[in-house]
Amino acid sequence: MITIDKKTDVPAPRGAEDSGGSLLEVRDLHVEFHTRDGVAKAVNGVNYSVNAGETLAVLGESGSGKSVTAQAIMGILDMPPGRIPKGEILFRGEDMLKMSYEERRNIRGRKIAMIFQDALSSLNPVLSVGYQLGEMFRVHEGMSKKQAKAKSIELMDKVKIPAAAARVNDYPHQFSGGMRQRIMIAMALALEPDLIIADEPTTALDVTVQAQVMDLLADLQREYNMGLILITHDLGVVADVADKIAVMYAGRIVEQSPIHELYKRPAHPYTRGLLDSIPRLDQKGQELFAIKGLPPNLLHVPAGCAFNPRCPKAQDVCRTDFPALVPVTEQDGTELPGRRSACHFWKETIHG
Amino acid sequence: MGRYVARRLLQMIPVFIGSTLLVFSMMYALPGDPVRALAGEQAVDPVQIAAMKKELGLDLPLWHQYLNYLTGLFQGDFGTQIATQRPVAEEIARAFPITIRLALFAFVFTTVVGIAMGVFAGLKADMLRDRTLLLITLLLISVPSFVLGFLAQVFFAHQLGWVDPNVSPEAAWDELVLPAVVLGSLSLAYVARLTRTSVAENLRADYMRTAVAKGLPRRRIIGVHLLRNSMIPVVTFLGTDIGTLMGGAVVTEGIFNVQGVGNAVFQALRHREGSTVVGIVTLIVIVYLVASLLVDLLYAVLDPRIRYA
Ligand SMILES: Nc1ncnc2c1ncn2[C@@H]1O[C@H](COP(=O)(O)OP(=O)(O)OP(=O)(O)O)[C@@H](O)[C@H]1O
Ligand code: SF4
Ligand SMILES: [Mg+2]
């Protein structure tokens, strides 16, 4: 499996000197989609932050708003039907939602890049990979076609595509799934951005290739000391690469934690459920645990805690009162740095 | 690629023989013959007619006549018109350029205006301009082109007096504007709709989202990423359209009295000039075949996933 020791040889975080704040900070972000059936509240007050050199894993069931949050950061939300009624997305302290189209465009690709889940459909089928990689240099750095091609070959080497020089003029469909995802990574990496958002970068790949691609991504992230937001619904992948984790449910962060503490002591019943549904070797043969019920309908999110219809610990208060995302502490009240939970009964969950 | 082109060219031989034979037999089956047509209403001595027919080889059985025709064709001889004693090749050389000019004019109009309208509407699907386009094109599709032709003629020529209702035998470019627009209007409607749908669909594609995420300028996202993909189905349609326009030109020529191929075929039919009709129809078939080959090759250039072997 993938093992990366985060503590060793990490250069000083880029951008740490200015503002002292995070590289990216999402504050109380709301996104809704106005559809024929009504308003779907896909994101309902997400808060998270990433520093240079740090990996944040965003975890959650399908439809929990992981991708929509990422699209809002990237500025590639479908608007309409999408709308951002509230929230801030601070990049190096500046709210990107208040920027002009051109200002944002200059950040996209150059400062923040994105890797998509399905590399085949995310690459343009009628343009050669060399052209699509070279475009980054030609548009953002004003390079000539020839220089851009040389850079593309360099990039393809960097992401370990064999015979890069010979394959630079090939088209996406001529590559295997793993190689295509490497091309996506190369494209995101082209201008050495400060932050990369990887939206389920390995979901479409088979298991051995998954590990290779994750390895590559983690290596490159360390080499360039980039911030990384890794979106996934696979808790297994996360453990080895992420520094911290944000668990999403119905468009909210329900728990935040440094990675290893979360596995040891979850502070939210939903996280507990997710952890229990990972197949484990020592429980071979036993029936797999699954969180009962279905994810909520975003047109009618339940009142109180959105998780209450499925929660084994739910009480009356859960059906009426909305649980805020509060700091989690030890039993004696000492704060656990970086830990937060949005559950009325977080104490019972973590210490019980 | 070379082998593919060679194979396609070889395939044209049976199509060529088939279409000439078909038209030839149809001419043969028609009542009346060129010699009698030449005589008109006058009573002519049947013996004299038989002698003339024998001289022209028209008394031979169908297969023999056809063989004679093909032999001539391979020696570059399209035959001679019986009534005028002019070589058929001369008539073709006179009429063809006019029709080609008309069809080409209509084709360029269709392509440029149709694609522009389609892109314009497709970029904002379901907005006012999109609905307007759908309505206009629906109208163009449902009104037969000869009705449109007569309407245009009445309005622009007779009412406004902007153009002459009849195109002169020289058929200069500016005289062909109105006929070309009428001829191209049906294809224009199809091209605009096809482009519109294709653009609206590709706009939602994942790779478009990637292009935005790469921080490319809008012009490039639309001009390079969107259009290259959206043109693929349109190009296929345009390929078959060249032939349709050649055929449609024959009708439009009638309305505006253009002295092109349509007119030539009409006259030849009246005089039962078999070799003229066969020669012209065959050339139209060849234009159609060559055009569709060119388009198939262009298709492979646009879409690298297509490989011809
Ligand atoms: N363009 C859109 N129009 C309407 N609704 C949308 C749109 N994009 C996303 N949504 C809705 O927003 C919700 C959140 O979607 P999102 O893609 O963020 O989920 P996700 O957490 O990424 O799930 P997955 O793991 O399946 O990728 C979904 O219910 C989806 O239906
Ligand atoms: S607030 Fe209540 S319903 Fe929600 S997770 Fe906690 S216990 Fe369950
Ligand atoms: Mg997603």
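Residue indices begin from 1 for each chain and proceed along its sequence in written order. Here chains are named by letter from A upward and ligands by number from 1 upward, in the order in which they appear as written. Under the rules for a predicted model, residues below a pLDDT of 70 receive no local features and side-chain atom pairs below 80 are neither given nor counted, while totals for whole chains, interfaces and linings still include all residues. With hydrogens and water stripped out, all remaining heavy atoms of the structure feed into the side-chain values.

1. Describing the packing of helix 8 (residues 177-203) of chain B against helix 10 (residues 218-256) of chain B
Residues and elements named next belong to chain B. The criterion, for reference: Structural elements are reduced to axes, namely lines fitted to C-alpha atoms, with helices fitted over the stretch in contact, and the angle between N-to-C directions of any two is expressed from 0 to 180 degrees. Here a strand is any run of E in DSSP of at least two residues, a helix any run of H or I of at least four, and the numbering for each starts at the N terminus. Roughly parallel means an angle under 35 degrees; roughly antiparallel means over 145; roughly perpendicular covers 65 to 115; every other angle is labelled oblique. Each helix crossing is assigned a hand: it is left-handed if the near helix lies turned anticlockwise from the far helix by less than a right angle, otherwise right-handed if that turn is clockwise. Under this grouping Gly is polar, as are all residues other than the nonpolar Ala, Val, Leu, Ile, Met, Phe, Trp, Tyr, Cys and Pro and the charged Asp, Glu, Lys and Arg.
Closest axis-to-axis distance for the helix 8/helix 10 pair is 8 Å, and the angle between their directions is 165 degrees. Looking at the two axes, helix 8 sits roughly antiparallel to helix 10. Two packed elements cross with a definite hand, and for helix 8 against helix 10 that hand is right-handed. Residues that form the contact of helix 8 with helix 10 fall into these classes: 18 nonpolar, nine polar and one charged.

2. Quick notes on the side chain of Asn202(B)
All names here are of chain B. Keep this limit in mind: The buried label applies to any residue whose accessible area, calculated with a 1.4 Å probe on protein chains only, is under 20% of its type's maximum; exposed applies above 50%, and partly exposed to all values in between. Residue contacts are counted whenever heavy atoms from the two residues lie within 4.5 Å of one another.
Locating Asn202 in the fold gives a position in helix 8. For Asn202, a relative accessible area of 14% puts it in the buried group. Each residue touching Asn202, except ones within four places of it in the same chain, is listed here: Tyr207, Met208, Leu226, Asn229 and Ser230.

3. Observations concerning the pairing of strand 6 (residues 112-115) of chain A
All names here are of chain A. Keep this limit in mind: DSSP bridges decide pairing: two strands pair if at least two such bridges lie between them.
Neither face of strand 6 is left uncovered, since the one carrying Ile112 and Met114 and the one carrying Ala113 and Ile115 both have all their residues buried. Sheet topology note: the strand 6/strand 7 (residues 195-199) ladder contains four bridges and is parallel. Considered in strand 7, the bridge of Ile112 is made with Leu195.

4. Some thoughts on the site of ligand 1
All names here are of chain A. What counts, and what does not: Each residue is tested against the molecule or strand, and it is near if at least one of its non-hydrogen atoms lies within 4 Å. Residues adjacent in sequence count toward polar contacts only when both atoms are side-chain atoms; beyond that, a polar contact is any pair of N or O atoms within 3.5 Å, and within protein one must be able to donate a hydrogen and the other to accept it.
Around ligand 1 sit 15 residues, and of these Ser62, Gly63, Lys66, Ser67 and Val68 come closest. Between an oxygen atom of ligand 1 and a main-chain N or O atom of Ser64, the distance comes to 3.2 Å. In the environment of ligand 1, an oxygen atom lies 2.9 Å from a nitrogen or oxygen atom belonging to the backbone of Val68. Among the elements that make up the shell around ligand 1, the one with the highest residue count is helix 1 (residues 66-74) (three residues). A breakdown of the residues in the shell around ligand 1 according to their chemical character gives five nonpolar, six polar and four charged.

5. Describing the interface of chain A and chain B
Where we set the bar: We define buried area as the total accessible area lost by two parts upon association, computed with a 1.4 Å probe and summed across both. Whenever Lys or Arg places a side-chain nitrogen within 4 Å of a carboxyl oxygen from Asp or Glu, that contact is recorded as a salt bridge.
Between chain A and chain B, the residue contacts involve 28 residues of the former and 21 residues of the latter. Overall, the association of chain A and chain B removes approximately 2,200 Å² of surface from exposure, summing both partners, and the carbon and sulfur fraction of that is 57%. Viewed at the interface, chain B and chain A are joined by three salt bridges. The shortest N-O distance in the salt bridge between Arg209(B) and Asp78(A) comes to 3.1 Å.

6. A closer look at the pairing of strand 11 (residues 326-329) of chain A
Residue and element names in this part refer to chain A. As paired strands, strand 11 and strand 12 (residues 335-341) are joined by three bridges and run antiparallel to one another. Bridge pairing in strand 12 places Pro327 opposite Arg340. The hairpin formed by strand 11 and strand 12 contains five residues between the paired strands, and Gly333 there has a positive phi angle of roughly 95 degrees.

7. A look at helix 8 of chain B
Spelled out, the test is: Here a helix's expected span is defined as the number of its residues, less one, multiplied by 1.5 Å. The quantity called bend is, for any residue, the angle between two axes fitted respectively to the seven residues ending at it and the seven beginning at it.
Given a rise of 1.5 Å per residue, 27 residues ought to cover 39 Å, yet the end C-alpha atoms of helix 8 of chain B are separated by just 34 Å, more than 12% below that figure. The largest bend in helix 8 of chain B comes to about 45 degrees, at Ser185(B).

8. A word on the site of ligand 2
Around ligand 2, a shell composed of His268(A), Pro269(A), Cys305(A), Phe307(A), Asn308(A), Cys311(A), Lys313(A), Ala314(A), Cys318(A), Cys343(A), His344(A) and Phe345(A) is seen. The residue inventory of the shell around ligand 2, partitioned by class, reads eight nonpolar, three polar and one charged.

9. Comments concerning the UniProt feature "transmembrane region" (unreviewed entry) in chain B
All names here are of chain B. Selection criterion: UniProt positions are given in the numbering used here, feature names are shortened, and annotations may be inferred rather than shown by experiment.
The sites that UniProt annotates as "transmembrane region" (unreviewed entry) are residues 12-30, 98-121, 133-156, 176-194 and 277-302. Annotated as 95% helix and 0% strand, the span residues 176-194 places its first and last C-alpha atoms 26 Å apart. End C-alpha to end C-alpha, residues 277-302 measures 37 Å, and it is 100% helix and 0% strand.

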